[in-house]
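Structure assessment
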Amino acid sequence: MAASAKVARLTTLALFSPTPNPSSPKPTKHRTRAPPPPISISMDPALVDPAHLQALMLACGHSCALRLSPGQPSSRAEPVDIGKLRTALAHSFIVVSVFCGARYLTDAGEGEEEQRFLGLGLDLGLRRQEERRLVGFGRAVSDLGLTASVHDVVVHPSLQRRGIGRKIVDKITRVLHSRGIFDISALCTEKERPFFEDCGFGDDMMGSTTMLYTRNVQMLYSRNLHK
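A brief structural summary. (Residues numbered from 1 in each chain as written. Predicted model: local features only at pLDDT ≥ 70, side-chain atom pairs only at ≥ 80, totals over all residues. Heavy atoms only, no water.)

Details of the packing of helix α1 (residues 50-59) against helix α2 (residues 82-91)
Packed helices, taken two at a time, are described by their axes: the angle between them and the distance between them. What counts here: To obtain an axis, a line is fitted to C-alpha atoms, over the contacting stretch when the element is a helix, and the angle between two such axes runs from 0 to 180 degrees between their N-to-C directions. Helical segments are the DSSP runs of H or I of at least four residues, strand segments are the runs of E of at least two, and each set is numbered from the N terminus. Roughly parallel refers to an angle under 35 degrees, roughly antiparallel to one over 145, roughly perpendicular to one between 65 and 115, and oblique to any angle outside these ranges. Contacts were defined at the residue level, with two residues in contact if any of their heavy atoms lie within 4.5 Å. Just so you know the grouping, Ala, Val, Leu, Ile, Met, Phe, Trp, Tyr, Cys and Pro go in nonpolar, Asp, Glu, Lys and Arg go in charged, and all remaining residues, Gly too, go in polar.
Look at α1 against α2: their axes get within 10 Å of each other, and the N-to-C directions meet at 110°. Here α1 lies roughly perpendicular to α2, going by the angle between them. On α2, the residues that touch P50, A51, L53, Q54 and M57 of α1 are I82, L85, R86 and L89. Across the contact of α1 with α2, the residue classes tally to 7 nonpolar, 1 polar and 1 charged.

Given below as structure tokens:
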């Protein structure tokens, strides 16, 4: 989790987005999105193979590793520890996974990228065109009463900007609202912030901010590097 991460909190107020200038409308080509391929969405954590999720996160450049070296942010994602990933899945309140046929990924010129994260030694059956692949994921943790937070929302690079990520977040927030939980936060980087704003998140109306515990973190970071 990067040290520069910021929290966006769900609010019922309208998003604070700039009003478009009528005299200079954005080209419509930037608004068009390719339709998503046939997908299936599940909320059953048992269907998520931790090894496949690890590979998906790596393909998306998403890492949960400790990266708090001052002035030296990590330029590439590291594989998430699969044991900790399995534990996180087991203790998440909501798990949303998205699957589609592998053949819908091979048209996006992903060959070299797929091979890079296959360096993990995983056999994901990429050559079997009809195999169902994990292409999207998101989860939430909660105290089951007052608050919840959204984590690890990822979509395969070749299927991004097709509304899949938003479907994941919408699914999570609908379930939380049905349980009477409305204080929902998302820890995100500046790059991810526009996505969460588009999903209905914004600055906390109470003006609170998230602070990361950093005492002795640098010592732990150095120790992990030399393991």
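Let's talk about the pairing of strand β5 (residues 147-155)
Selection criterion: Here the term buried applies to any residue with accessible area under 20% of the maximum for its type, exposed to any over 50%, and partly exposed to those in between, with areas from a 1.4 Å probe on protein chains only. Two strands pair if DSSP finds at least two bridges between them. Look down the strands so they point away from you; if the path from the first strand over the helix to the second goes clockwise, the crossover is right-handed.
Burial analysis of β5 places 8 of its 9 residues in the buried class, the great majority of the element. Where strand β4 (residues 132-142) and β5 come together, 6 bridges link them in antiparallel fashion. In the strand pairing of β5, G136 is matched with V155. Between β4 and β5, which pair antiparallel and follow one another directly, the connecting turn spans 4 residues, one of which, L144, has a positive phi of 70°. Examined bridge by bridge, β5 and strand β6 (residues 183-188) share 4 bridges and lie parallel to one another. Of the residues in β6, the one forming a bridge with V150 is A186. At this point the chain moves from β5, through helix α4 (residues 164-178), to the parallel β6, and the crossover so formed is right-handed.

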